[in-house]
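# Coordinate inspection notes
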Amino acid sequence: MDDADAPGGHPLPPGQRVVGSWQPSHYGRVPRIDPERWTFSVGGATRDGGHMVLDLEALDRLPRVEVDGGMHCVARTSVVGLRWGGVPLRRVVELMPPEDGAQHVLLAAVRGYAASVHLEDVLHPDALLATHVDGEPLTPEHGWPARVVLPHLYGFKGPKWVVEMTYHHQEQQGWWESRGYHPRARVDREERWAHQG
Ligand SMILES: Nc1nc2c(c(=O)[nH]1)N[C@H]1C(S)=C(S)[C@@H](COP(=O)(O)O)O[C@H]1N2
Ligand SMILES: [Mo]
């Protein structure tokens with residue numbers, strides 16, 4: 001299937017349809033997060049065996065970028081024309097790099113949601129630890145104070161209310177991966193289900 005263009009000339013991945021208004025999509029209630037206590041930690045199989053903890057002030061001091069990217073749900077709806085703001089995840093990886101050969105990353109949110117991604121996708125230039133969208137802080141239902149955004153992967157790979165990133169030598173099973181969804185989940189290849197290979 002060819003890529004179609006969504007309204008406004010935004011590229012639409014194969015098998016997706018555009019929805020006009022951006023409805024939040026997640027299980028359970030929106031968590032209440034205390035910004036004074038929120039932290040993002042990086043650990044697991046790190047190169048130096050240590051771990052790093054960023055609070056919101058530390059995150060604020062890191063270089064920020066803006067990236068255009070849609071939100072493509074694996075259930076086939078897409079929101080296009082979003083402009084995300086945040087810290088490139090590869091900058092975070094540079095601060096606390098993985099051990100050689102640790103190619104798998106588990107991104108974990110509050111309350112047990114997690115997504116398993118390849119290190120290569122975390123190092124993608126558009127991969128963000130996002131705090132803003134369209135110039136405004138994220139709303140609570142879209143992941144405030146911070147979420148992961150990987151615009152080239154299906155939305156389930158980007159935990160809202162993210163709190164942890166860990167490196168692993170073996171592929172991990174997050175919330176959707178353990179329910180049969182694709183370990184890689186690239187939108188350009190329509191990698192929706194694990195059994196597609
Ligand atoms: N913590 C958490 N993050 C989550 C989810 C969730 O249920 N919990 N759902 C994922 C799915 S399936 C999608 S499509 C996107 C939706 O993001 P949005 O609600 O901002 O559009 O969030 C992802 N991140
Ligand atoms: Mo989704």
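That block above? That's the structure.
Residues numbered from 1 in each chain as written. Chains lettered and ligands numbered in written order. Predicted model: local features only at pLDDT ≥ 70, side-chain atom pairs only at ≥ 80, totals over all residues. Heavy atoms only, no water.

### Let's talk about empty space enclosed by the protein
Enumeration according to the criterion identifies 1 cavity of 30 Å³ or more in this entry. What the largest cavity holds in volume is close to 70 Å³. Lining the largest cavity we find 13 residues, and of these Met-71, Val-149, Leu-150, Leu-153 and Gly-155 sit closest to its centre. Looking at the lining of the largest cavity, the elements that each hand over two or more residues are β6 (65-72) and β12 (147-149). Across the lining of the largest cavity, the residue classes break down as 7 nonpolar, 4 polar and 2 charged. (1 Å grid on protein atoms, 1.4 Å probe; cavity = no way out; pocket = protein on both sides within 12 Å on 5 of 7 lines; lining within 4 Å. Points joined across faces, edges and corners; volume = space filled by probe spheres on them. Helix = DSSP H or I, 4+ residues; strand = E, 2+ residues; numbered from the N terminus. Nonpolar A, V, L, I, M, F, W, Y, C, P; charged D, E, K, R; others polar.)

### Considerations on the site of ligand 1
Neighbouring ligand 1 are 18 residues, the closest being Trp-22, Ser-25, His-142, Arg-147 and Lys-160. Between ligand 1 and the protein, one listed contact pairs an oxygen atom with a backbone N or O atom of Tyr-27 at 3.2 Å. One of the side-chain nitrogen or oxygen atoms of His-142 is found 2.7 Å away from an oxygen atom of ligand 1. Compared with its free state, where it exposes 530 Å², ligand 1 has 95% of that area covered by protein. Using a 2 Å cut-off from the grid points, one finds that ligand 1 occupies the largest pocket. Class assignment of the residues belonging to the shell around ligand 1 gives a composition of 11 nonpolar, 5 polar and 2 charged. (Near = heavy atom within 4 Å. Polar contact = N/O pair within 3.5 Å; in protein donor to acceptor, adjacent residues only side chain to side chain. Areas by Shrake-Rupley, 256 points an atom, 1.4 Å probe, with all protein chains shown as cover. Sits in = over half its atoms within 2 Å of the grid points.)

### Comments concerning the layout of surface pockets
Here the largest pocket defines a volume of roughly 730 Å³. Lining the largest pocket are 32 residues, and of these Ser-25, His-26, Tyr-27, Tyr-113 and Lys-160 lie nearest its centre. Broken down by element, the residue count for the lining of the largest pocket peaks at 3 residues, all from strand β7 (residues 77-88). A breakdown of the residues in the lining of the largest pocket according to their chemical character gives 18 nonpolar, 10 polar and 4 charged. In this structure, the second largest pocket encloses a volume near 300 Å³. At the level of elements, β2 (11-12), β6 and β7 are the ones that each hand at least two residues to the lining of the second largest pocket. Take the lining of the second largest pocket: its biggest share by element is 4 residues, from β6. Among the residues forming the lining of the second largest pocket, the class breakdown is 8 nonpolar, 6 polar and 4 charged.

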